[in-house]
Amino acid sequence: MPYVVKRPERDIWEQSYIPETVRGMGVTLRHFFRNVIGRRDTVTILYPEVQRPYPPRFRGLHRLTQRDDGSPRCTACMCCQTACPAECIHIVAGSYPDGHPLAFVEKYPAEFWIDELRCVFCGLCVEACPCDAIRMDTGLHARPVEARPHLMYERNLLLSITDAKGDVLTANPRKK
Amino acid sequence: MTTFFVVATAAKLVLFLVGIITCGALMVWVERRMSAMIQDRIGPVRANAGPFRLWGLVHIAADGLKMMIKEDFIPRRADKLLHALAPMLAIFPVLVTFAVVPFGPTIDFGHLGSVNHLGPLFEGRWATTLQVAQVDVGLLFVLAIAGTGVVGAVIAGAASDNRYSLLGSLRAASQLVSYEVTLGLSLVGCVLVFGTLRLEDMVLWQHHHTWGVVVQPLGFVLFLAAAIAESKRTPFDLPEGESEIVAGYFVEYSGMKFAAFYLGELMEIGVLACFLAVFFFGGWDVPFLRADGIHLSLPMLGAKFWAMPHWSVVLLQLGAFGLKVCGLIFLQMAIRWTLPRMRYDQLMELGWKAILPLSLANVAVTAVVLHALR
Amino acid sequence: MPKLTIDGREIEVEAGVTLIEAARRMGIKTPHFCWHPELSVAANCRMCLVEIEKNPKLQPACQIPAAEGMVVHTENPRVREARRAIMEYLLLNHPVDCPICDQSGECKLQDYYMLYDLKSSRLASEEDKVRKRKHVPFGPHVVYDAERCVMCTRCVRFCAEYVKDPMLCEVHRGDHSEIDVSPDRTLEHGYSLMTAHICPVGALTSRDFRFQCRVWFLKAAETICPGCATGCSACLDHNRGRAFRLRPRVNNAVNRCWLCDDGVLSYRFHNDHRLCSPSLGRGNPQPASWEDALSEAAAALGKTPKAERAAVLSAERTCEENWALIVFAREALGIERFFLAARPDGTADQRLRSADKNPNRAGVRLMLGAEPEPMTALLEAATAGRIRAVIALGAEASAAGVEPSTGLLRLGTVVSIAERTGTLPDAAHVRLPCGSWAQSAGTFVNAKGMAQEFGRAMPLGDGLLDVHEILARLARRLDLSFPYKTAAEVRTAVAGRLPEAGAAGGAP
Ligand code: SF4
Ligand code: SF4
Ligand code: SF4
Ligand code: FES
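The structure displayed is predicted, hence computed values, not measured ones. (Residues numbered from 1 in each chain as written. Chains lettered and ligands numbered in written order. Predicted model: local features only at pLDDT ≥ 70, side-chain atom pairs only at ≥ 80, totals over all residues. Heavy atoms only, no water.)

## Here's the deal with the sheet that holds strand E5 (residues 71-73) of chain C
All names here are of chain C. Taken in spatial order, the five strands line up as E2-E1-E5-E3-E4 in an open sheet, and their pairing is mixed. Sheet topology places strand E2 (9-12) and strand E4 (59-60) at the edges, where each strand pairs with a single neighbour. Bridging between strand E1 (residues 3-6) and E5 involves two bridges; their strand directions are parallel. For Ile 6, the partnering residue across the bridge sits in E5 and is Val 72. Contacts between helix H2 (residues 77-92) and the sheet are confined to strand E3 (49-52) and E5, with E3 contributing the most and set at about 155 degrees to the helix. (Pairing = 2+ DSSP bridges. Helix = DSSP H or I, 4+ residues; strand = E, 2+ residues; numbered from the N terminus. Contact = heavy atoms within 4.5 Å. Axes fitted to C-alpha atoms, helices over the stretch in contact; angles between N-to-C directions.)

Right, dumping it as structure tokens:
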């Protein structure tokens with residue numbers, strides 16, 4: 001059975017465009033004058049001078065947390081690398097040499113790369129980490145850079161990034 | 001031809017050219033900021049000269065500088081000559097039509113201080129009419145030159161070796177040709193009423209009688225619609241149609257050539273505002289202001305007259321013209337930021353099935369009424 | 001033959017077969033730690049407990065032989081509860097350091113926890129856990145972590161029963177028991193990596209593989225160990241073009257379910273010293289395009305008189321590759337003299353290891369239909385100037401008592417087809433890179449004369465070509481005929497010359 005599409009009925013005034021155009025211009029001009037006089041409807045936030053406070057759960061750039069002794073909490077378990085849907089984490093594990101004070105932990109990330117350009121900021125790496133070693137509580141954006149490699153964040157840089165309060169330790173201390 | 005005539009014409013030319021181009025540049029700013037305000041934004045205000053941001057005005061300079069140092073890209077298989085010619089052809093008619101715009105009455109440098117009893121247009125040793133060229137067929141000249149506007153767009157599209165450009169120029173051609181007819185016809189009513197083709201005489205008629213918009217309201221609306229279509233601006237900006245054909249006929253232009261197209265379009269708004277003012281809003285006419293001073297005849301108070309020196313009358317009238325033009329530019333921009341782009345079939349239907357018959361009817365009715373009044 | 005019922009289904013097995021084995025034949029997987037099909041029964045982990053009707057207590061399936069009329073339940077609530085309890089005990093002192101544990105991903109504790117336990121520890125505090133030694137080097141290849149050990153004694157029994165060198169033993173008692181190496185010994189008997197392989201948890205791990213790659217990133221492919229003439233069946237674990245380890249694959253005719261240490265590590269033949277692109281020039285090789293390299297090789301071979309050409313076959317490479325070279329040499333180049341390049345001999349033992357460290361010496365012999373001449377003969381002929389041009393397959397060529405490279409350097413032309421650097425490619429004028437054994441498909445004939453076919457375990461890398469393809473392109477450049485276009489054609493030609501295929505690997 002054919003289906004009849006109902007077209008909207010337009011009377012002659014609407015068809016003539018003129019009153020409708022005038023009405024539309026009324027709207028436009030109302031906005032114009034309200035914004036010229038006192039910016040009453042303006043919604044623009046003049047970033048970066050004015051910044052909106054981020055919600056506490058805002059997922060920013062990553063950081064790697066440190067233990068109290070400054071060593072990375074990360075044990076190179078690769079859970080984050082496994083969970084990452086963007087495949088932007090690359091870890092090379094190293095093992096502490098015999099006799100090292102942390103030899104009982106055995107494993108640490110010799111290299112830890114995050115390609116922040118590929119990252120989709122889903123936070124799955126943070127969820128996956130069993131050691132609370134990777135966090136996205138920095139409150140930082142991926143800022144514009146001049147070359148792609150500048151957003152390839154490397155282990156030591158990640159370790160040095162602090163959380164929004166300036167802390168390099170985990171915000172969720174647990175026993176080792 | 002006296003030396004004074006040559007000097008005066010040259011001065012008017014220079015004044016006008018500089019004025020127009022500055023205006024075009026300023027309009028970039030107006031357009032951006034106005035659209036921003038309309039859309040509840042702020043618009044570009046970041047460019048600065050040291051501490052001065054001037055509400056974003058510095059962006060004009062920044063843009064100009066950028067355009068100048070930007071790579072002038074020419075597609076490999078483009079026709080180099082035509083590609084370079086097109087922007088000039090696009091901007092040329094705009095500049096030329098300005099020449100016949102009567103932007104003020106005659107000014108006599110010999111009698112600036114005295115009261116002028118000769119009427120607005122007269123001849124004298126030190127007098128010159130504030131219009132670059134007084135052309136007998138002024139209106140036809142305007143229409144003829146405006147008609148060449150399409151050439152630039154078509155050549156730009158054809159020479160770019162880009163199928164989007166080509167589509168854009170095809171659209172431009174058919175649209176411009178369609179609306180060309182109406183553009184002329186909608187003015188025939190005015191011509192009938194004013195009884196002249198000389199633009200300065202049209203203004204004079206309105207000066208003595210009443211504004212064109214009063215006697216030709218339909219003509220005004222039709223002309224406005226057709227003229228916006230001629231200048232290829234929203235809601236008739238199908239030749240650009242960035243959502244479907246990227247940017248239409250000037251996709252392949254960059255740097256100063258692009259700027260020429262862009263400025264051309266903006267200056268066209270200015271020209272259009274001038275012509276709207278001349279045809280429908282009395283040009284430089286200020287109500288109650290005659291060449292010798294203010295004549296007020298109010299029903300209650302009776303006729304009053306204040307004499308004014310020549311210079312102040314001319315200045316007032318010049319200012320009035322400027323104000324009208326600004327207002328009409330504002331009107332066009334407001335239309336642009338109000339209406340969405342039309343569909344192609346709607347455009348053609350509007351042109352051929354609505355505006356054209358209406359303008360014909362307008363001509364017929366005007367003729368009949370005029371005949372009856374005679 | 002006793003007939004019994006397991007989980008409602010009847011099965012008949014030979015006398016003496018244990019319940020776990022009977023269940024396995026029915027496709028029922030009984031969880032277990034200490035049982036291993038190749039080792040004696042210890043029945044100490046109690047993970048395999050099943051319910052046998054008319055039997056008041058649960059019984060270990062790994063130890064109880066099937067008996068007539070038994071009715072066994074392997075998966076009822078009582079059994080599941082018992083398993084949960086066992087898991088709780090096993091995990092009581094376990095450090096749960098999965099993030100740093102290399103077994104994670106293939107650990108039975110993880111698997112069974114997910115299947116049967118899924119509870120958090122009831123231990124009041126982490127501090128109450130018994131602390132034991134971690135990171136104890138047992139030998140050159142193996143490290144031990146006592147906290148993760150479940151004391152199943154598989155490793156102990158493996159050393160005692162298979163290697164017959166009982167160097168591992170349990171020490172201490174109760175919570176504190178752990179495994180240790182006998183005083184003054186190190187876990188070093190040629191099969192030490194098998195202890196790490198059979199350890200069901202992360203207590204014994206391979207030093208070589210540790211931390212290199214998480215096992216869930218690995219892709220496994222069946223292959224044959226290229227380490228020696230025994231030709232053990234194996235699985236190759238690899239990821240992104242890099243090989244990580246070999247694991248034994250069950251083949252009761254050859255290696256049952258073991259590999260020697262050298263075998264496990266022979267994945268390195270794929271990773272190390274690879275030739276990645278064709279190169280030209282002796283001594284100071286310069287990378288070249290395939291076009292240039294093939295033209296150069298063709299020109300050099302073509303200009304030498306037929307009688308002065310020779311071919312070197314390789315005991316490292318498959319029958320198919322050797323056959324392709326034999327055909328190319330005989331038919332296209334008119335070569336009559338064939339020599340054999342091989343790795344030097346090594347140690348042998350009574351279990352798996354052969355002294356011949358080449359996987360396919362017997363295969364080459366079969367392909368040629370005669371004994372190829374040894375490398376020493378080639379060096380003599382080269383010195384005497386009777387042979388000037390050689391086309392050689394394979395990387396390594398040892399010749400007893402002679403430094404091969406100096407002899408090879410007397411040859412006017414050496415065209416080497418190899419996957420990695422070695423004696424032959426180093427002395428070559430033109431190096432044409434082919435895939436490693438893992439990147440090729442073919443057949444090895446082992447020392448016992450069993451032909452074992454294997455497939456391509458890893459994709460052929462960029463810039464590499466199969467040997468038959470290289471030869472076909474060479475023939476085209478020389479305007480000579482070469483009968484094979486595809487690997488399948490070579491395979492068909494070779495099939496007739498091989499003995500019956502050896503018993504292939506069964507279920508692991
Ligand atoms: S936030 Fe998501 S995409 Fe980004 S690194 Fe983590 S897991 Fe990967
Ligand atoms: S950051 Fe966390 S999840 Fe990622 S490797 Fe390190 S410990 Fe594992
Ligand atoms: S080290 Fe492994 S194989 Fe040996 S007893 Fe412990 S858990 Fe079992
Ligand atoms: S497998 Fe049966 S008790 Fe360990």
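## Points about the site of ligand 1
Not every one of the 14 residues close to ligand 1 is listed here, only the nearest: Cys 84, Cys 119, Cys 122, Gly 123 and Cys 125 of chain A. Split by residue class, the shell around ligand 1 holds 12 nonpolar, two polar and no charged. (Near = heavy atom within 4 Å. Nonpolar A, V, L, I, M, F, W, Y, C, P; charged D, E, K, R; others polar.)

## What to know about the packing of helix H9 (residues 319-332) of chain C against helix H10 (residues 361-368) of chain C
All names here are of chain C. The N-to-C vectors of H9 and H10 enclose an angle of 35 degrees; their axes lie 9 Å apart at closest approach. In the packing of H9 onto H10, the handedness of the crossing is right-handed. Where H9 abuts H10, its residues Cys 319, Asn 322, Trp 323, Ile 326 and Arg 330 lie against Gly 363, Val 364, Met 367 and Leu 368. Its residues assigned to classes, the contact of H9 with H10 shows six nonpolar, two polar and one charged. (Left-handed = near helix turned anticlockwise from the far one by under 90°.)

## What to know about the interface of chain A and chain C
With 17 residues of chain A at the contact, the number on the chain C side is 13 residues. Taken over both partners, the interface formed by chain A and chain C buries close to 1,300 Å², and the fraction arising from carbon and sulfur atoms is 59%. At the surface where chain A touches chain C, the tally comes to three salt bridges. Elements represented by at least two residues in the side of chain A that touches chain C include exactly helix H3 (79-83) and strand E2 (89-95) of chain A. When residues of the side of chain A that touches chain C are assigned to their parent elements, the largest contribution, three residues, is made by E2 of chain A. (Buried area = accessible area lost by both parts, 1.4 Å probe. Salt bridge = Lys/Arg side-chain N within 4 Å of Asp/Glu carboxyl O.)

## Observations regarding the nonpolar core
Membership of the largest hydrophobic core comes to 73 residues, with the highest contact counts inside it found for Leu 199, Phe 279, Phe 280 and Phe 321 of chain B. Here this core takes 14 residues from helix H11 (residues 255-280) of chain B, the largest share from any one element. Per-domain counts for this core show at least three residues from each of domain 1 (1-69) and domain 2 (75-111 + 130-373) of chain B. With residues near it in sequence (within four places) discarded, Phe 321 of chain B still touches Val 101, Pro 102, Phe 103, Cys 274, Ala 277, Val 278, Gly 283 and Trp 284 of chain B. Formed by 64 residues, the second largest nonpolar core is a distinct cluster that contains Cys 45, Cys 155, Cys 199 and Cys 225 of chain C. (Core = buried A, V, L, I, M, F, W, Y, C linked by side-chain atoms within 4.5 Å. Buried < 20%, exposed > 50% of the residue type's maximum accessible area, 1.4 Å probe, protein only. Domains from an automatic or database assignment.)

## Here we look at the confidence of the model for chain C
Residue and element names in this part refer to chain C. Summarising the model, chain C shows a mean pLDDT of 91, and 97% of its residues fall at 70 or more. Per-element mean pLDDT across chain C ranges from 69 in helix H12 (residues 404-408) up to 96 in helix H5 (residues 192-198). Taken as a whole, residues 502-508 scores under 50 in pLDDT and shows 14 contacts with residues more than four places along the chain or in a different chain. Two numbers describe this predicted complex: its pTM, 0.70, and its ipTM, 0.80. (pLDDT = per-residue confidence, 0-100.)

## Some points on empty space enclosed by the protein
For the structure on display, the rule yields eight cavities of 30 Å³ or more. In this structure, the largest cavity spans a volume of roughly 420 Å³. For the largest cavity, the lining is made up of 27 residues, of which Val 94, Ala 146, Glu 230, Ser 231 and Glu 268 of chain B are closest to its centre. Of all elements in the fold, only helix H3 (80-97), helix H4 (138-147), helix H5 (149-159), helix H6 (163-194), helix H9 (217-230) and H11 of chain B reach the threshold of two or more residues within the lining of the largest cavity. Ranked by the residues each element gives to the lining of the largest cavity, the list is headed by H11 of chain B, at nine residues. Across the lining of the largest cavity, the residue classes break down as 19 nonpolar, four polar and four charged. The computed volume of the second largest cavity comes to approximately 90 Å³. Forming the boundary of the second largest cavity are 15 residues, of which Cys 149, Cys 152, Cys 155, Cys 199 and Pro 200 of chain C lie nearest the centre. At the level of elements, helix H4 (154-162) and H5 of chain C are the ones that each hand at least two residues to the lining of the second largest cavity. (1 Å grid on protein atoms, 1.4 Å probe; cavity = no way out; pocket = protein on both sides within 12 Å on 5 of 7 lines; lining within 4 Å. Points joined across faces, edges and corners; volume = space filled by probe spheres on them.)

## Structural notes on the sheet that holds strand E13 (residues 242-248) of chain C
All names here are of chain C. An order of E11-E12-E13 is seen for the three strands of this open sheet, with the pairing classed as antiparallel. The sheet terminates laterally at strand E11 (219-224) and E13, the two strands that pair on one side only. Each strand axis lies, on average, 30 degrees off the axis of its neighbour in the sheet, ignoring direction. Sheet topology note: the strand E12 (residues 233-239)/E13 ladder contains six bridges and is antiparallel. Note that in E13 the partner of Asp 237 across the bridge is Arg 245.

## Details of the interface of chain B and chain A
Accessible area lost when the parts come together is the quantity often used to give the size of an interface. The interface of chain B with chain A comprises 19 residues on the first partner and 21 residues on the second. Taken together, the two surfaces of chain B and chain A that pack against each other cover about 1,700 Å², and 69% of this comes from carbon and sulfur. Considering only the surface of chain B that becomes buried against chain A, Met 37, Asp 40 and Ile 42 of chain B emerge as the three largest contributors, covering 36% of it. Counting across the chain B and chain A interface gives zero salt bridges. Summed over the shared surface of chain B and chain A, the number is six residue pairs in polar contact (both at pLDDT 80 or more). Going through the elements one at a time, helix H1 (3-38) and helix H12 (310-336) of chain B are the ones with two or more residues in the side of chain B that touches chain A. Of the residues that constitute the side of chain B that touches chain A, the class distribution is 13 nonpolar, one polar and five charged. (Polar contact = N/O pair within 3.5 Å; in protein donor to acceptor, adjacent residues only side chain to side chain.)

## Some points on the side chain of Lys 107 of chain A
Tracing the backbone shows Lys 107 of chain A in strand E3 (residues 107-115). Buried Lys 107 of chain A, no salt bridge; nearest opposite-charge side chain is Asp 102 of chain C, N-O distance 4.8 Å. Among the polar contacts made by the side chain of Lys 107 of chain A, one reaches the main-chain carbonyl oxygen of Ala 76 of chain A at a distance of 2.8 Å. Residue contacts for Lys 107 of chain A: discarding those within four places in its chain leaves Cys 74, Thr 75, Ala 76, Cys 77, Ala 93, Gly 94, Ser 95 and Tyr 96 of chain A together with Pro 99, Ile 100, Phe 211 and Arg 214 of chain C. (Lys, Arg positive; Asp, Glu negative; His and termini not counted.)

## Looking at the site of ligand 3
Residue and element names in this part refer to chain C. As a matter of local geometry, ligand 3 sits amid 14 residues, with Cys 149, Cys 152, Thr 153, Cys 155 and Cys 199 nearest to it. A molecule is said to occupy a pocket when more than half its atoms come within 2 Å of that pocket's grid points, and by this definition ligand 3 occupies the second largest cavity. Looking at the shell around ligand 3, its residues break down into 12 nonpolar, one polar and one charged. (Sits in = over half its atoms within 2 Å of the grid points.)

## Quick look at the pairing of strand E22 (residues 451-454) of chain C
Residues and elements named next belong to chain C. Examined bridge by bridge, strand E21 (residues 442-445) and E22 share four bridges and lie antiparallel to one another. For Thr 443, the partnering residue across the bridge sits in E22 and is Glu 453. Between E21 and E22, which pair antiparallel and follow one another directly, the connecting turn spans five residues, one of which, Gly 449, has a positive phi of 85 degrees.

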